[in-house]
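For reference, the chains in residue letters:
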Amino acid sequence: MSAIDLSVLALFVPTFFFVSATPGLCMTLALTMGMTLGIRRTLWMMLGELVGVALVAVAAVLGIAALMLKYPQGFQLFKYAGGAYLAWLGIQMWRARGRMVMVAPEQGADREAPPRAALALQGFVTAVANPKGWAFFVALLPPFINDRLPLLPQLTILVAIILLLETVCMMIYACGGKTLGRLLQSSANVRLINRVAGSLMLTVGAWLALG
């Protein structure tokens, strides 16, 4: 028996990739640090961010799983609520406007680079303290868990995929430098990314509600 339904991964992977690629706190931080501190220093922030993302993802799944074990009849209601939330989030992303807010690098700064531990802590806090991240994981991640299959293998695979996609996206932002920064200063480009992610959100929302 497979540890996870492959048809689920076919929807899970592109959805999380485009959500991760959408300009947000962590991606903005990766882009800014890549420009100001360099890739090697930015990797420490990424490490902290990935630990925070993993913690939030696991807590979301285990918390909802515990609730479903206590109230199994609430699973269908949770699916409907999660689908509705994701549909609302998809609509908001479609309607989103504005530009990515990016901290400009300091000109000719000779400041000493922050310690590695401070960079890792900054990434961790950014991931854990983001309420939208919690809401997103609570709504989206648990429904991808099949209650007929063992929880631990599924959770391990899904979290590993999330961390891989986050790493890829942060590296793209961190390595993109000024070119990517200029690209994302355009409202049209940011709006396109939001609309792709929003469309996937609407698709997943319908899948959760009707599947």
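Given the structure is predicted, the values throughout are model-derived calculations rather than measurements. (Residues numbered from 1 in each chain as written. Predicted model: local features only at pLDDT ≥ 70, side-chain atom pairs only at ≥ 80, totals over all residues. Heavy atoms only, no water.)

Once that is clear, we can look at the overall build of the protein chain. Along its length, the protein chain carries eight helices and zero strands. Reading the secondary structure of the protein chain in the N-to-C direction produces α-α-α-α-α-α-α-α. For the protein chain, long-range pairs separated by at least 24 residues make up 89% of all intrachain contacts whose partners lie at least 6 apart in sequence. Here the protein chain has roughly 11300 Å² of accessible surface; of this, 68% comes from carbon and sulfur atoms. (Helix = DSSP H or I, 4+ residues; strand = E, 2+ residues; numbered from the N terminus. Contact = heavy atoms within 4.5 Å. Areas by Shrake-Rupley, 256 points an atom, 1.4 Å probe, with all protein chains shown as cover.)

This part covers the environment of G83. Relative to the assigned elements, G83 resides in helix α4 (residues 74-95). You can call G83 buried: its relative accessible area is 2%. Put simply, G83 and L202 are 119 residues apart on the chain and 8.2 Å apart in space, counted from C-alpha to C-alpha. (Buried < 20%, exposed > 50% of the residue type's maximum accessible area, 1.4 Å probe, protein only.)

With that settled, the discussion passes to helix α1 (residues 6-21). One turn of the α-helix equals 3.6 residues, which is why residues spaced by three or four share an orientation. Here α1 spans 23 Å end to end across 16 residues, near enough to the 22 Å set by a 1.5 Å rise per residue. Of all the residues in α1, the buried ones are V8, L9, L11, F12, T15, F16, V19, S20 and A21. (Expected span 1.5 Å × (residues − 1).)

With that out of the way, let us pick up the nonpolar core. The biggest cluster of nonpolar side chains holds 33 residues, and the ones touching the most others in it are F12, F16, F136, F137, L141 and L158. Looking at this core, the elements with two or more residues in it are α1, α3 (39-70), α4, α6 (131-140), α7 (151-184) and α8 (187-210). Ignoring any residue separated from it by four or fewer positions in sequence, one finds L141 in contact with F12, F16, A57, V61, F136, L158 and I162. Core analysis: the next-biggest nonpolar cluster, separate from the first, contains 14 residues, A30, L31, M33 and M170 among them. (Core = buried A, V, L, I, M, F, W, Y, C linked by side-chain atoms within 4.5 Å.)

Our focus in this paragraph is the packing of aromatic side chains. One pass over the structure, following the stated rule, counts two aromatic pairs. Seen in terms of ring centroids, F16 and F137 are 6.1 Å apart; in terms of plane orientation they differ by 25°. Their pairing is stacked. Of this pair, F16 sits in helix α1 while F137 sits in helix α6; the two residues are 121 residues apart in sequence, bridging distant segments of the chain. Across the pair, exposure class does not vary: F16 and F137 are buried alike. Among the aromatic residues, ring-to-ring pairing joins F12, F16 and F137 into one connected group. (Phe/Tyr/Trp six-rings, centres within 6.5 Å; stacked < 30°, edge-to-face > 60°.)

It is worth spelling out α6 at this point. All buried positions along α6 are accounted for by G133, F136, F137, A139 and L140. Along α6, the residues classed as buried sweep out an arc of 170° about the axis, all on the same side. (Arc of directions from axis to C-beta.)

Moving on, we come to the packing of helix α2 (residues 25-36) against helix α5 (residues 116-128). Remark: α2 packs on α5, axes separated minimally by 9 Å, with the N-to-C direction vectors making an angle of 155°. If you check the angle between α2 and α5, you find them roughly antiparallel. The handedness of the crossing between α2 and α5 is right-handed. In contact with L25, C26, L29 and M33 of α2, α5 contributes L119, Q122, T126 and A127. Residues that form the contact of α2 with α5 fall into these classes: six nonpolar, two polar and no charged. (Axes fitted to C-alpha atoms, helices over the stretch in contact; angles between N-to-C directions. Parallel < 35°, antiparallel > 145°, perpendicular 65-115°, else oblique. Left-handed = near helix turned anticlockwise from the far one by under 90°. Nonpolar A, V, L, I, M, F, W, Y, C, P; charged D, E, K, R; others polar.)

Residues W44, L47 and V51 make up a contiguous nonpolar surface patch of about 270 Å² in total accessible area. For V51, the position within the fold is in helix α3. (Patch = residues over 30% accessible without salt bridge, like charges linked within 9 Å, V, L, I, M, F, W, Y side chains within 5 Å. Salt bridge = Lys/Arg side-chain N within 4 Å of Asp/Glu carboxyl O.)

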